[in-house]
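# Commentary on secondary and tertiary structure
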Amino acid sequence: IAVHLPEQALLRRHDEPLERRLNAFAERAAQLGYEMDISSAGALQRSFNAVTNPDARRHLEQLAVKAMQTAKYFCAGMLDIAKYQHYALNAPLYTHFTSPIRRYADVLVHRQLDAVLTPVEGEVKFSMDRDSVAKVAQHCNIKKDMAKLAQEQSAHLYLCFLIADLTQRFGPVIRQARVVSVHDAAFDVVVPEFSIEKRVHIDQIPIDNHVYDEHNHTLQIYWSERDVISWLAENSDDEHLKKVKQTAEQHALKMEVASRSVNDESALFDDDGDDDEQIMVNRTSGSQGDKETSKQRLISLSKTQPKFEGLRTTAAGHRIQDIKELMSVPVIVTADLSKSPPVIKVYACNPYSKENVVKK
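Every value quoted in this text rests on a predicted model; they were computed, and no experiment measured them. (Residues numbered from 1 in each chain as written. Predicted model: local features only at pLDDT ≥ 70, side-chain atom pairs only at ≥ 80, totals over all residues. Heavy atoms only, no water.)

### As for the sheet that holds strand E11 (residues 343-348)
Strand order in this open sheet of 5 strands is E5-E4-E3-E10-E11, and the pairing throughout is antiparallel. One side of each edge strand has no neighbouring strand; the edge strands of this open sheet are strand E5 (196-201) and E11. Averaged over neighbouring strand pairs, the angle between their axes works out to 45° when direction is ignored. Judged from the 4 bridges that link them, strand E3 (residues 173-182) and strand E4 (residues 186-191) form a sheet pairing that is antiparallel. (Pairing = 2+ DSSP bridges. Helix = DSSP H or I, 4+ residues; strand = E, 2+ residues; numbered from the N terminus. Axes fitted to C-alpha atoms, helices over the stretch in contact; angles between N-to-C directions.)

What follows is the structure, given as C-alpha cells:
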C-alpha cells in the first residue's frame, strides 16, 4: 500500500528512544552487571536474549520500556520517508491489519489493500485523500491512548476491590516483591502477583535509622522491633490504616481460637463478650462442597511465611536489612477504598518485629 498509495497509506511508526533515556537505561543495566548493546533495536534484543536470569531479564525489559516512545499511526504523505521506521520491530516500514474487529485502523488498511489488489482498469483508486487519512490516523492515536488509560484504570479499580476483599477475609495482604530501584530514602518494588510497581518510603516504616550507600546502590535499614501495621496506625491520622490494624487484630484472634485444642475445656467455653461473631472462625467456607478456587484467596489463606533477604545483626545489636536491586522482599499491600479513585499503598515488612521473630 505504501508503493501504490504513497500519499494515503496508513502506516505505523515507532520513533527511536531519546538518547538520554537510552543511555540512562544502559548505565542502570551496567550497575546491575549487564552490558546492553543499544546501538540498534536488534542489538538490544540480542542483549536481552543473552541474559539467563529470568528475574534480571524481566527487570531490564521493564527499564527498557520506560525509555521507549509510543508507537503512532500516521499517513505516509504527511512525513518524510526517513521517519517511517518502527524501532521496536526493527522494521523500516510497518503497518498492521490483523484485528479489524477491534481496531478501526485495521479496517482502513483492509480497504487500502482491497483497492491495491483490485485495481479498476489497471488504476488503483482509493476514496480518501491524504488529509482525511491523516485525520483518521490522529483520531486512532487519541482513541488508542484513551482505551489504554481506561483499561489501566479499570484494572486498578478491580485490583483495589480484590485487595480490600483479601484484607477483610484473611487479614493484611503480604506478598513477595522484587526491588527494582533504590533511592536515598525509599525503594521501588514490583509485586508480580498484582503486576504493580510501587514506592516504599522509609519514613513510613518503624526504623531507628537508615544509610544510603550511593556507590553500591544499597539502602541499609536499621529496624526497630515494632510491627509495621501497629506502628503506622499509631503514628498516622489515616483512618484506613487504623481499620487495617483492627482487621489484623481480629484475624490474629481468629487464628488463636482456631489453634486451640478442642480438648481444652477453657477454650470451648471461653466467653470474650460481644465480639464473638467477629472473631469466630468461618467454618462454612471450609466445608466440603464449598471449596475455594480463587488463586489469591488461596495464597492469603495459606499464610505462607514471608522470605527475607539481606539480613544481618551487628555486634552492637543493630538489626539491619540491606536493600539492593533485584532482591526479594515481602511487602504489605493495602487498598484504601474511601479515596476517589481508590489508592494502593505498599509497606515493607519488618523482619525483626516480635511477630516475625516468634514465627521464625
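### Comments concerning a nonpolar patch on the surface
Taken together, Leu-157, Tyr-158, Phe-161 and Leu-337 make up a surface patch of nonpolar side chains, about 420 Å² in accessible area. Looking at where Phe-161 falls in the secondary structure, it is placed in helix H5 (residues 130-170). By relative accessible area, Phe-161 is classed as partly exposed at 47%. (Patch = residues over 30% accessible without salt bridge, like charges linked within 9 Å, V, L, I, M, F, W, Y side chains within 5 Å. Areas by Shrake-Rupley, 256 points an atom, 1.4 Å probe, with all protein chains shown as cover. Salt bridge = Lys/Arg side-chain N within 4 Å of Asp/Glu carboxyl O. Buried < 20%, exposed > 50% of the residue type's maximum accessible area, 1.4 Å probe, protein only.)

### Thoughts on the nonpolar core
Among soluble globular proteins, nonpolar side chains are generally buried collectively. Within the largest apolar cluster, 40 residues are counted, with the highest numbers of intra-cluster contacts made by Phe-187, Val-189, Phe-194, Ile-323, Val-329 and Val-333. Setting aside anything within four residues of it in sequence, one finds Phe-187 in contact with Val-179, Ser-181, Val-182, Lys-198, Arg-199, Val-200, Ile-202, Leu-219, Ile-221, Ile-323, Val-329 and Ala-348. One finds Ala-9, Phe-74, Leu-108 and Ala-134 within the second-largest nonpolar core, a separate group that totals 22 residues. (Core = buried A, V, L, I, M, F, W, Y, C linked by side-chain atoms within 4.5 Å. Contact = heavy atoms within 4.5 Å.)

### Section: the packing of aromatic side chains
For the structure shown, the criterion picks out 2 aromatic pairs. Ring geometry for Phe-74 against Tyr-84: centres 5.2 Å apart, planes inclined by 50°, an arrangement best described as tilted. One end of the pair, Phe-74, is in strand E2 (residues 72-75); the other, Tyr-84, is in the loop between E2 and helix H4 (104-117), and 10 residues separate them in sequence. No difference in accessibility class separates Phe-74 from Tyr-84, as the two residues are buried. Stacked on the ring of Tyr-73, the Lys or Arg Arg-12 has its end atom at 4.5 Å from the ring centre. One residue, Arg-13, lies across the ring of Phe-74, its end atom 6.0 Å from the ring centre. (Phe/Tyr/Trp six-rings, centres within 6.5 Å; stacked < 30°, edge-to-face > 60°. Lys NZ or Arg CZ within 6 Å of the ring centre and 35° of its normal.)

### Observations regarding unusual backbone geometry
Looking along the chain, the bond that leaves Ser-340 and enters Pro-341 is cis, with omega of 0°. Among the secondary structure elements, Pro-341 is positioned in the loop between strand E10 (328-336) and E11. A positive phi angle is found at His-217, which is not glycine, with a value near 50°. Relative to the helices and strands, His-217 resides in the loop between strand E6 (207-213) and strand E7 (218-223). On the basis of relative accessibility, which here comes to 24%, the residue His-217 falls in the partly exposed class. Look at Lys-303: it is not a glycine, yet its phi comes out positive at around 55°. Tracing the backbone shows Lys-303 in the loop between helix H10 (295-302) and strand E8 (311-313).

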